[in-house]
Amino acid sequence: MDIKRNTKVKVTGVVNANYPHDLQFYGLPPDFDITLIELRRLAFERLKILRIIEEVTLRGRSKYSKEWTAAILNELRKQGLKKYATLFSSSGALGSSPVDEDARRDDHTSHYILRLSYCNSEQHQMWFMARELELFRLRFGHLSQEGVQSFVEQNKLSFSVVSPSEKEQIFTHLMNCTPHMTSAAVEVSEYYKFQFNTVPDLVRNRRVYLQNGVAYVPSGELLYVVLHMYRGILARGLKALVRIRASLDSDPRLGALMSGLHVAYTGRDYSNTPAKENSILPQELDQFCLESFPPCMQQLHQQLRATHHLHHSGRLRYILYLKGLGLSYEHAMEFFRDEFMQHDAKKFEKEYSYIINHSYGKVGACKQYSPYSCSKLITETLGEGSCPFKFEASNKIKALLTSHDSHTPEYVQTILQFVEAKQYCHACTKYFEMTHKVEPGSIINHPVQYFEESRQIRTGKEIKGAARKPQTTRVSVPSSQSDTSGTQRSEVENIESIDFGEDDFSDYNIS
Ligand code: SF4
């Protein structure tokens with residue numbers, strides 16, 4: 001895949017020759033030119049897809065159930081990924097419209113971009129593999145019988161079909177070796193012959209009849225065979241990319257994207273807030289802090305009120321946060337002038353007012369800067385306004401939790417478990433639930449999202465410009481156990497975001 005900054009080269013050829021099926025093993029990398037803009041778009045789309053799968057699972061829906069599948073497909077549509085929702089719920093119909101071609105090509109390319117990004121550490125590989133396997137299984141489950149058949153044929157899976165006469169001869173063995181199947185099920189099922197070493201899981205779990213090194217696999221178990229193969233392809237593919245990845249890291253155009261993707265922010269953009277401007281006033285902040293600020297921003301507000309001072313990182317984080325909530329430029333000036341003037345009147349005009357002007361895009365690069373997302377507050381070094389679940393000692397977190405009337409030993413224990421498992425966004429989501437007596441609409445991954453969800457619950461009104469109304473969210477208690485795909489839960493899984501360089505304030509100098 002050659003990458004060009006501005007040139008867009010269309011993939012040529014007949015769709016069915018390039019992508020003969022909606023579902024792929026992604027055996028070969030894409031072989032066409034792509035612009036950097038498109039590459040970035042596809043990377044973010046894939047990341048969103050995999051995070052949606054993870055989030056739906058963490059909300060407590062039983063994996064691979066109808067409810068789980070429907071929730072994932074719904075969320076994909078809601079987040080503007082309709083073409084993927086259509087592709088993922090396909091029966092394998094071998095359409096050849098340009099839409100089919102684009103969807104399959106984007107599926108293929110986006111998979112490879114993430115594979116490249118996630119190949120550089122064992123932890124990342126495990127996360128990527130687990131999500132991709134879940135996605136594959138979801139998609140395979142939608143295939144019609146014809147779709148399965150053509151997938152198997154096109155991927156040249158090494159097997160042969162058991163003829164009716166052969167099946168009749170070994171019927172008793174098939175019955176005896178698959179006690180989990182009724183005789184009626186054995187009778188109607190198709191059987192396939194695989195070399196026993198290509199289906200180790202089925203052999204180990206005694207789910208197939210074995211004869212002379214051949215495993216007789218019922219059609220209902222084909223999924224596990226295909227999954228086993230796909231797992232092997234993914235594992236080998238990730239290893240093979242490690243060396244290529246090392247050379248990409250030195251490319252300034254791709255290095256940052258590749259190494260930062262796992263913590264990239266894929267949530268709502270809070271940089272543009274004119275629709276909400278004036279939706280909060282300075283005199284409301286004390287009350288909002290008590291009722292609706294997440295712990296990181298509570299700390300900043302309380303410190304500002306107590307000392308009339310914040311250090312540089314705290315100032316920047318808090319100003320941008322209030323801007324994200326809808327505090328107008330004029331009100332921000334008024335509020336911070338009142339506070340900072342009490343600490344150091346001269347400094348306000350000389351230094352502090354500049355950062356407010358800068359944050360509101362009035363000076364410097366005149367950009368619409370975004371409020372800091374959770375991932376920034378989690379991954380950036382310790383400073384005022386950093387995520388307390390990551391940076392505070394557990395006794396301080398415990399003190400914060402128990403200071404709330406709504407705390408219970410169960411909530412405190414669960415939140416501390418999340419902290420210990422480095423699942424800070426989930427700890428915050430549970431904290432929200434504890435303090436609001438209701439779950440937020442989705443996992444907390446942005447302080448502004450926390451505020452908006454909170455105001456909707458406290459007031460019963462929808463916030464202007466807010467993403468959505470709350471809905472049921474269940475966050476599972478963290479486990480040190482691996483999940484079924486072998487993924488060890490880690491910090492990587494919970495960090496949602498980084499906005500690549502757009503808010504780096506590089507043109508801002510502290511005098
Ligand atoms: S998880 Fe996010 S919103 Fe919650 S305290 Fe940490 S940084 Fe703030």
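Everything numeric here is computed off the predicted structure, so don't read it as measured data.

Draft legend 1. Up close: the overall build of the chain. Each helix and strand counted, the chain has 24 helices and six strands in total. Counting every position in the chain, which comprises 511 residues, the buried fraction comes to 53%. In the chain, of all internal contacts separated by at least 6 residues, the share reaching a separation of at least 24 is 72%.

Draft legend 2. Spotlight on the packing of helix α16 (residues 312-325) against helix α17 (residues 329-359). Across the interface, α16 lies against α17 with an axial gap of 11 Å and an inter-helix angle of 70°. Relative to α17, the element α16 lies roughly perpendicular. For the pair α16 and α17, contact is made by H312, R315, L316, Y318, I319, L320, L322 and K323 and by F335, F336, F340, E351, Y352, I355, I356 and S359, respectively. Here the residues of the contact of α16 with α17 are counted per class, giving 11 nonpolar, two polar and three charged.

Draft legend 3. Representation of the pairing of strand β4 (residues 191-195). Here strand β3 (residues 160-161) runs beside β4; their pairing, made up of two bridges, is antiparallel. Bridged to V161 within β4 is Y192.

Draft legend 4. Inspection of the pattern of salt bridges at higher detail. Per the stated rule, a full pass over the model turns up 24 salt bridges. D106 is the partner of K83 in a salt bridge, and the nearest nitrogen-oxygen pair spans 2.5 Å. Here K83 is found in helix α4 (residues 82-88), whereas its partner D106 is found in helix α5 (residues 98-117), with 23 residues between them in sequence. The class of D106 is buried, set by a relative accessible area of 3%.

Draft legend 5. Geometry of the site of the ligand. What surrounds the ligand is the set P294, P295, C296, C374, L377, C387, P388, F389, Y424, C428 and P447. Looking at the shell around the ligand, its residues break down into 11 nonpolar, no polar and no charged.

Draft legend 6. Expanded view of the pairing of strand β6 (residues 214-218). Here β6 lies mainly inside the structure; five of its five residues are buried. Side chains of β6 alternate between two faces, with V214, Y216 and P218 and A215 and V217 buried alike. Here β4 pairs with β6 via five bridges, running antiparallel. By the bridge assignment for β6, Y192 is matched with V217. Looking at chain direction, strand β5 (residues 209-211) and β6 are connected through three bridges and run antiparallel. By the bridge assignment for β6, Y209 is matched with Y216.

Draft legend 7. Representation of the packing of helix α14 (residues 285-292) against helix α23 (residues 447-459) within the structure. Remark: α14 packs on α23, axes separated minimally by 10 Å, with the N-to-C direction vectors making an angle of 90°. Between α14 and α23, the interaxial angle falls into the category roughly perpendicular. Of α23, the residues touching α14 (which contributes F288, E291 and S292) are Y450, F451, S454, R455 and R458. When its residues are assigned to classes, the contact of α14 with α23 shows three nonpolar, two polar and three charged.

Draft legend 8. Examining unusual backbone geometry more closely. For Y26, which is not a glycine, the phi torsion comes out positive at approximately 50°. Positionally, Y26 belongs in the loop between α1 (15-18) and β2 (34-35).

Draft legend 9. Region of the structure containing the packing of aromatic side chains. This structure, assessed with the given rule, holds 24 aromatic pairs. Pairing F389 with Y431 gives two aromatic rings, centres 6.1 Å apart and planes at 65°, and the pair type is edge-to-face. Remark: Y431 occurs in helix α22 (residues 424-436) and F389 occurs in helix α19 (residues 388-391); sequence separation between them is 42 residues. Each member of the pair, F389 together with Y431, is buried. Through a chain of ring-to-ring contacts, three or more aromatic side chains come together here, namely F288, F293, Y318, Y321, F335, F336, F340, Y352 and F451. Over the aromatic face of Y112 sits the side chain of R115, whose NZ or CZ is 4.4 Å from the ring centroid. We note K376 situated over the ring of Y372; from NZ or CZ to the ring centre the distance is 5.1 Å.

Draft legend 10. A look at the confidence of the model for the chain. Confidence in the prediction for the chain averages 82 pLDDT; 84% of positions are at 70 or higher. Taken element by element, the chain is modelled with least confidence in helix α24 (residues 491-494), mean pLDDT 31, and with most confidence in α14, mean pLDDT 96. For residues 5-16, every residue scores under 50 in pLDDT, and the model assigns this stretch 24 contacts once sequence neighbours within four places are set aside. In this model, residues 479-511 is a region of pLDDT below 50 whose contacts with residues beyond four sequence positions or in other chains number 104 contacts.

Draft legend 11. Region of interest: the sheet that holds β4. Spatially, the four strands line up as an open sheet ordered β3-β4-β6-β5, and their pairing is antiparallel. Two strands in the sheet have a free side with no partner beyond their single neighbour: β3 and β5. Of the strands in this sheet, β4 and β6 are in contact with helix α12 (residues 222-249), which crosses β4 at around 30°.

Reading the values: the criteria
- Residues numbered from 1 in each chain as written.
- Predicted model: local features only at pLDDT ≥ 70, side-chain atom pairs only at ≥ 80, totals over all residues.
- Heavy atoms only, no water.
- Helix = DSSP H or I, 4+ residues; strand = E, 2+ residues; numbered from the N terminus.
- Buried < 20%, exposed > 50% of the residue type's maximum accessible area, 1.4 Å probe, protein only.
- Contact = heavy atoms within 4.5 Å.
- Axes fitted to C-alpha atoms, helices over the stretch in contact; angles between N-to-C directions.
- Parallel < 35°, antiparallel > 145°, perpendicular 65-115°, else oblique.
- Nonpolar A, V, L, I, M, F, W, Y, C, P; charged D, E, K, R; others polar.
- Pairing = 2+ DSSP bridges.
- Salt bridge = Lys/Arg side-chain N within 4 Å of Asp/Glu carboxyl O.
- Near = heavy atom within 4 Å.
- Phe/Tyr/Trp six-rings, centres within 6.5 Å; stacked < 30°, edge-to-face > 60°.
- Lys NZ or Arg CZ within 6 Å of the ring centre and 35° of its normal.
- pLDDT = per-residue confidence, 0-100.

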